[in-house]
Amino acid sequence: GDSVTQMEGPVTLSEEAFLTINCTYTATGYPSLFWYVQYPGEGLQLLLKATKADDKGSNKGFEATYRKETTSFHLEKGSVQVSDSAVYFCAPSSGGYNKLIFGAGTRLAVHP
Amino acid sequence: EPEVTQTPSHQVTQMGQEVILRCVPISNHLYFYWYRQILGQKVEFLVSFYNNEISEKSEIFDDQFSVERPDGSNFTLKIRSTKLEDSAMYFCASSEAGGRLADGYTFGSGTRLTVV
């Protein structure tokens, strides 16, 4: 079945460091790809998306590129801030496109 | 910005009791979903709903679960006889389109269900 693999956390970085969170997926058809973020005690917020191969989604300094050949959608940010501390979820659409499949989530902790 | 609203934010119930979790999706959205997240674990799909019927459901969504859109604004998840392992955060979501979900889902802030 469809699945998502994210790098395990926690990822601990100093402020202004470079961030990469790897995500690979298996999915039937041609999924849309999403990153969601969950701040402590809150719900899931859409961070960015990409709907076709080579599309780059971006928001709040985060970027991810839809790589169809490697079935990957890695999340990057050039300079993280303490306020970026959260759990990040990679989520492709799946199957008949009636649902998203979530990865296990990667916890990011940024220290001053 | 439009929001998905969930109530209550926290519910404590005794094992074997019925609970109803309520959601008000975004008004022009047509597709509705429930997910759950057991503490510290992954977000799991439960069910999707369109045109007053279930589009897809997971193996978690067994006979003790049901969903309903009782009026033009609410979308509810009922758990008939709760078990300890039903304790989780339950998220409602809605989307304007189905298909390839170009815009993604908007999630509510969740209902934390604690079964004791």
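This text goes with the structure placed above it.
Residues numbered from 1 in each chain as written. Chains lettered and ligands numbered in written order. Predicted model: local features only at pLDDT ≥ 70, side-chain atom pairs only at ≥ 80, totals over all residues. Heavy atoms only, no water.

### Focus on the sheet that holds strand 9 (residues 75-77) of chain A
Residue and element names in this part refer to chain A. To be explicit about the condition: Between any two strands, pairing holds if DSSP finds at least two bridges. Segments assigned H or I by DSSP are reported as helices when at least four residues long, segments assigned E as strands when at least two residues long, and all are numbered from the N terminus. In this description, a line fitted to the C-alpha atoms serves as the axis of each element, helices being fitted only across the stretch in contact, and the angle between N-to-C directions of two axes falls anywhere from 0 to 180 degrees.
An order of 3-9-8-7 is seen for the four strands of this open sheet, with the pairing classed as antiparallel. Looking at strand neighbours, the two that pair on one side only are strand 3 (19-21) and strand 7 (56-59), the edges of this open sheet. Taking the axes of each pair of neighbouring strands and ignoring which way they run, one obtains an average angle of 20° across the sheet. By the bridge criterion, four bridges tie strand 7 to strand 8 (residues 62-65) in an arrangement that is antiparallel. Across the sheet, Lys56 pairs through a bridge with Thr65, a residue of strand 8.

### What to know about the pattern of salt bridges
As a reminder, the rule being used: Salt bridge, as used here, is a side-chain nitrogen of Lys or Arg placed within 4 Å of a carboxyl oxygen of Asp or Glu. Residue exposure (1.4 Å probe, protein chains only): buried if accessible area is under 20% of the type maximum, exposed if over 50%, otherwise partly exposed.
In the structure shown here, the tally under the stated rule is six salt bridges over all chains. Residue Lys56 of chain A is joined to Glu63 of chain A by a salt bridge in which the shortest nitrogen-to-oxygen separation is 3.6 Å. By relative accessible area, which is 34% here, Glu63 of chain A ends up partly exposed. Note that Arg36 of chain B and Glu44 of chain B form a salt bridge whose closest N and O atoms lie 3.1 Å from each other. Note on Glu44 of chain B: relative accessible area 24%, which makes it partly exposed.

### Let's talk about the pairing of strand 12 (residues 106-111) of chain A
All names here are of chain A. Burial along strand 12 is one-sided: the residues Thr106, Leu108 and Val110 are buried and none of Arg107, Ala109 and His111 is. Sheet topology note: the strand 2 (residues 11-14)/strand 12 ladder contains four bridges and is parallel. Looking at the pairing, Leu13 lines up with Val110 of strand 12.

### Thoughts on the interface of chain B and chain A
Just so we agree on the cut-off: By definition, residues are in contact when any of their heavy atoms lie within 4.5 Å. The quantity reported as buried area is the accessible area (1.4 Å probe) lost by two parts once they are put together, taken as the sum for both. Polar contacts here mean pairs of N or O atoms no more than 3.5 Å apart (in protein, one a potential hydrogen donor and the other a potential acceptor; neighbouring residues in sequence count only if both atoms are side-chain atoms). Residues are grouped as follows: nonpolar covers Ala, Val, Leu, Ile, Met, Phe, Trp, Tyr, Cys and Pro; charged covers Asp, Glu, Lys and Arg; every other residue, Gly included, is treated as polar.
Contacts between the two partners involve 20 residues from chain B, matched on the other side by 20 residues from chain A. Carbon and sulfur atoms supply 52% of the area buried between chain B and chain A, which totals about 1800 Å² over both sides. There are one salt bridge connecting chain B and chain A. Between Lys99 of chain A and Glu56 of chain B there is a salt bridge, with its nearest N and O atoms 2.2 Å apart. Seen at the junction of chain B and chain A, the total is six residue pairs in polar contact (both at pLDDT 80 or more). Every element with two or more residues in the side of chain B that touches chain A is listed here: strand 4 (31-37), strand 5 (43-50) and strand 6 (53-57) of chain B. Class assignment of the residues belonging to the side of chain B that touches chain A gives a composition of nine nonpolar, seven polar and four charged.

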